[in-house]
Amino acid sequence: MNKQAIIKDTIQTLNRLPADKVNQVHDFAEYLLSKLDDSLIAEGVQKLSSASKALDYLYEEEDLYSVNDLKERYKWS
């Protein structure tokens, strides 16, 4: 089924449901849209931050400490 056919079928199904169930479907659709928006925003921020040169100096900075400076190592059990 293509998108338009699914929409048409969904509208027909919604017309047969009681109002409270239609509200639930609406709330769920709004939830899905908000998750999509959140995902798109997160991807945009990630692209902007990865393209940014603001933190590049950290790659050139020498390490102040090494493993030998540790007093105690964490041991996995």
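Residues numbered from 1 in each chain as written. Predicted model: local features only at pLDDT ≥ 70, side-chain atom pairs only at ≥ 80, totals over all residues. Heavy atoms only, no water.

Undergrad: For the overall build of the protein, give the residues involved together with the corresponding values.
TA: Summing up its helical and strand segments, the protein has 3 helices and 0 strands in all. Reading the secondary structure of the protein in the N-to-C direction produces α-α-α. Its C-alpha radius of gyration of 26 Å places the protein more than 25% over the 11 Å reference for a compact globule of 77 residues. Overall, the C-alpha framework of the protein stretches about 70 × 40 × 25 Å when taken along its three principal axes. In the protein, which comprises 77 residues, the share counted as buried stands at 0%. For the protein, the accessible surface area stands at approximately 8000 Å², while carbon and sulfur atoms represent 57% of it. Taking the average location of the 10 positive side-chain charges in the protein and that of its 14 negative ones, the two points are 9 Å from each other. (Helix = DSSP H or I, 4+ residues; strand = E, 2+ residues; numbered from the N terminus. Rg over C-alpha atoms; globule rule 2.2 N^0.38 Å. Buried < 20%, exposed > 50% of the residue type's maximum accessible area, 1.4 Å probe, protein only. Areas by Shrake-Rupley, 256 points an atom, 1.4 Å probe, with all protein chains shown as cover. Lys, Arg positive; Asp, Glu negative; His and termini not counted. Charge placed at Lys NZ, Arg CZ, Asp CG, Glu CD.)

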